[in-house]
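Summary of the model geometry
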Amino acid sequence: MSHHLLQGKKGIIFGALDERSMAWKAAQRVVEEGASITLTNAPIALRMGKINELAKECNAEVIPADATSLSDLEDLFSKSMEKLGGKLDFILHSIGMSPNLRKNVPYTATNYDNFQKTLDISALSFHKVLQTAMKLDALNEWASVIGLSYIAAQRTFPGYNDMAEAKALLESIARSFGYHYGNKRKVRVNTVSQSPTVTTAGSGVSGFDAFFHYADKMSPLGNANADDCANFCVVLFSDLTRMVTMQNLYHDGGFSSMGVSQAIVEDMSGR
Ligand SMILES: NC(=O)c1ccc[n+]([C@@H]2O[C@H](COP(=O)([O-])OP(=O)(O)OC[C@H]3O[C@@H](n4cnc5c(N)ncnc54)[C@H](O)[C@@H]3O)[C@@H](O)[C@H]2O)c1
């Protein structure tokens, strides 16, 4: 159901790979709320994914960009402003990839070239997106920028590997850039720390099934899914959250405040 919360707003959605992607659901919801968007992903993902189906449904242009490339990002912002007819009001950065995780390289025997790629793709790209937007003065005042994070930035989840460091950096960039962009253009920058969610990136984490179910049993509301995340993004892109910036916002059914739940106690007692 639409509440027209984003009527007339324009934005870029990064990272829709397939219908399970957080960005896929977010694109559908922001358009439903009245926004017009461009969609982007890495050129290789565009070849493998099904983004054109989404583009058709959302009446959106697809503009390829490797989020680690400043020249690709400049091209993306310029073309997005041209297609959408002016400056932008929101950006969703929904990008994550760890070559170490993908290749099962243990954290304690990390490959540092891979580690740097993890940080570049999953965290520095957020800085590059913000820096490019600022350089091209591509955002309207009170625009809202979101990066998607995970609680492994604060607590240890061994299977999450070097993505934990990437998320800690991502959240720090939201605070630091949020200060500068807030001062300069009243732009809001936040991260949303989402529950484990069944997606291509999520399922690539070793032991994902176990910690998905563990988090679900630990959280009084259960895990937040990708549809819930899309709804939260709509609210954060809307004018109803104008004064929220430089925050890491937990969107996790209560998981981040839990010590232990009765359901987990009962599970363990049965052993
Ligand atoms: N799935 C989960 O459990 C979970 C939980 C919390 C946070 N997140 C975060 O949500 C975000 C989206 O992930 P998802 O779960 O929807 O999985 P996903 O695999 O659908 O999305 C990840 C996206 O990153 C894109 N990407 C990778 N390298 C890129 C590059 N160089 N340039 C541009 N795009 C690139 C991929 O093509 C893909 O579309 C990620 O930041 C992820 O860490 C996921």
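Everything in this summary refers to the structure shown in the same document. (Residues numbered from 1 in each chain as written. Predicted model: local features only at pLDDT ≥ 70, side-chain atom pairs only at ≥ 80, totals over all residues.)

The next subject is the site of the ligand. Not every one of the 27 residues close to the ligand is listed here, only the nearest: Ser21, Ala45, Gly96, Ala201 and Gly202. Elements with a minimum of two residues in the shell around the ligand: helix 1 (22-32), strand 5 (139-149) and helix 8 (200-203). Tallying contributions element by element places helix 8 first for the shell around the ligand, with three residues. When the residues that make up the shell around the ligand are grouped by side-chain class, the tally is 14 nonpolar, 12 polar and one charged. (Near = placed C-beta within 6 Å. Helix = DSSP H or I, 4+ residues; strand = E, 2+ residues; numbered from the N terminus. Nonpolar A, V, L, I, M, F, W, Y, C, P; charged D, E, K, R; others polar.)

Another aspect to go through is the packing of helix 1 against helix 10 (residues 226-237). To describe two helices that pack against each other, one gives the angle between their axes and the distance between the axes. Where helix 1 meets helix 10, the closest approach of the two axes is 8 Å, and the angle between their N-to-C directions is 50 degrees. One finds that helix 1 runs oblique with respect to helix 10. Here helix 1 and helix 10 pass one another in a crossing that is right-handed. For the pair helix 1 and helix 10, contact is made by Met22, Lys25, Ala26, Arg29 and Val30 and by Ala226, Asp227, Cys229, Ala230, Asn231, Cys233, Val234 and Phe237, respectively. Residue classes in the contact of helix 1 with helix 10 are distributed as nine nonpolar, one polar and three charged. (Axes fitted to C-alpha atoms, helices over the stretch in contact; angles between N-to-C directions. Parallel < 35°, antiparallel > 145°, perpendicular 65-115°, else oblique. Left-handed = near helix turned anticlockwise from the far one by under 90°. Contact = placed C-beta atoms within 7 Å.)

Phi angles above zero are rare outside glycine, and asparagine 161 is one such case at about 55 degrees. Within the element layout of this structure, asparagine 161 appears in the loop between strand 5 and helix 7 (163-185). What makes asparagine 161 buried here is the crowd of 24 C-beta atoms within 10 Å. (Buried ≥ 20, exposed ≤ 12 C-beta atoms within 10 Å, placed from the backbone.)

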